[in-house]
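Notes for the structure review
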Amino acid sequence: MNKFVGLTLALISPLFAVSVRAETLVPLNNVLAKTSIGSMAKFTQGMTSKIPPQAQSIFGGLTSINCAKGASPASCIPMAIWNTTFNTGQLTTAEIAQKTGHSVDPNSSLATATPWLSQLKISDALAANPAMATMPVTANGVRTTLGSLASSQGGKILGKVVDLRQTQVAQFPQIQNIKLSQFNGLSKLPANVIPNLSQLPITEMPGFSLSGGIALMKLDVIRTKERKIHHMVMSGSNRQPNAKCDSNCDYAEFHPWVGMPYLRGARIISGDSLSVQGGEGLLAMVNGGMEPTGVEANIGAGGVKFVIRNLNAKTGSATVNINFRGCGWLVGCTPYFFGIPLFTISERNNWFPLPTTSASVYRVVKLKKPF
């Protein structure tokens, strides 16, 4: 009996976990240069997201985000989100035009060149740049200056008082060189109110950065409704790396696009199957301290997280969402609690890789232990 037990134990393999991290830099510019706010996928279902009170100041006073089914991110995601992640507020109208192969026509009206201006308060426009007080405008058919309207109508929406079709860029050329972030109220407007911004590649945004340790993963196969998934799991969060899924687990297996053979078969669990702890510092408790599982990438000012959803084993397809967070000085960062659809991947059409700077896997290794 002892020999039988000993032989049996020798064949049973004890399990232990090791973490493998990729440190290979792979160029992403040629991939992300094709990605812009305007190229992101439309919402397949309506979405409403409340911004927790602790994070509202970080997002420019934003209290909620609402997108209808079929809406594009460019038409419903407020500028505060893009600014927090990609520093879009540091851009000017002239810079956006130049980066997208356009120019600001000095003969165009402000209604054409800066249509977003009509949705701001007169007082906010003047606060952005005091020189705007001298800008000639037409109010109720009378030519005047914006500054002369401030005392009596400063709290009103500029477009309801002033006809911006009657003022040309050439009459106040400074307008095209004022940073967008200086205009209070603009953070609550969608990206498509700013000419050409939706066409601007992510790589051309001020907050874009590309650090070392980037891995590019391509979809191999999709599995659904599995149990106890931990071996080769890549997804998770900063507080729960390589987080395991116990039941009803949808996941996708990936392989590295270039090199890194130890990442072959890496598993990314669906954000629909698992939520994990995230965030840092005082803001870590926003959204209950939770975020969907996924992989992070340091390609923006605040970082982004890629989350896969809507996994379908029959069609071999999934939706990739890009999730955002907000960070503040001395208060940390929120979890990646808010996401929007980015693109669709499939087993047959996997040309768009998933970038990550947290490319580690939880590997379960079986060892035979002699007795």
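From a predicted model like this one, the values you see are computed outputs, not experimental measurements.

Quick look at helix H4 (residues 79-86) now. When you tally the buried positions in H4, you get seven out of eight residues, the bulk of the element. Where H4 is concerned, the buried positions are Met-79, Ala-80, Ile-81, Trp-82, Thr-84, Thr-85 and Phe-86. With its phi angle positive at about 55°, Asn-87 sits one or two positions after the end of H4.

Pairing within the open sheet is antiparallel, and its four strands lie in the order S8-S7-S6-S17. Both outer strands of the open sheet, strand S8 (266-269) and strand S17 (354-356), are each paired with one neighbouring strand and no more. Taken pair by pair, the neighbouring strands of this sheet meet at an average axis angle of 45°, ignoring direction. Of the pairings in the sheet, the one linking strand S7 (residues 249-256) to S8 comprises four bridges and is antiparallel in character. Each residue of the ladder has a partner; that of Glu-253, found in S8, is Arg-267.

For the rest of this paragraph, the subject is the packing of aromatic side chains. The full count for this structure, using the stated rule, is four aromatic pairs. Look at Phe-59 and Phe-337: their rings are 6.4 Å apart centre to centre, the planes differ by 80°, and that puts the pair in the edge-to-face class. Taken together, the residues span a long stretch of sequence, with Phe-59 in the loop between strand S2 (47-50) and strand S3 (64-67) and Phe-337 in the loop between strand S15 (332-333) and strand S16 (338-346) at a distance of 278 residues. Classification of Phe-337 by relative accessible area gives buried; the value is 12%. Plain terms: the ring middles of Trp-116 and Phe-183 are 4.9 Å apart, the flat faces sit at 65° to each other, and that makes the pair edge-to-face. Separated by 67 residues along the polypeptide, Trp-116 in the loop between helix H6 (110-113) and helix H7 (122-128) and Phe-183 in the loop between helix H9 (158-161) and strand S6 (215-226) bring together distant segments of the chain. Assigned by exposure class, Trp-116 and Phe-183 land together as buried. Put simply, the rings of Trp-82, Phe-324 and Phe-338 pair up and form one aromatic cluster.

Calculation criteria
Residues numbered from 1 in each chain as written. Predicted model: local features only at pLDDT ≥ 70, side-chain atom pairs only at ≥ 80, totals over all residues. Heavy atoms only, no water. Buried < 20%, exposed > 50% of the residue type's maximum accessible area, 1.4 Å probe, protein only. Helix = DSSP H or I, 4+ residues; strand = E, 2+ residues; numbered from the N terminus. Pairing = 2+ DSSP bridges. Axes fitted to C-alpha atoms, helices over the stretch in contact; angles between N-to-C directions. Phe/Tyr/Trp six-rings, centres within 6.5 Å; stacked < 30°, edge-to-face > 60°.

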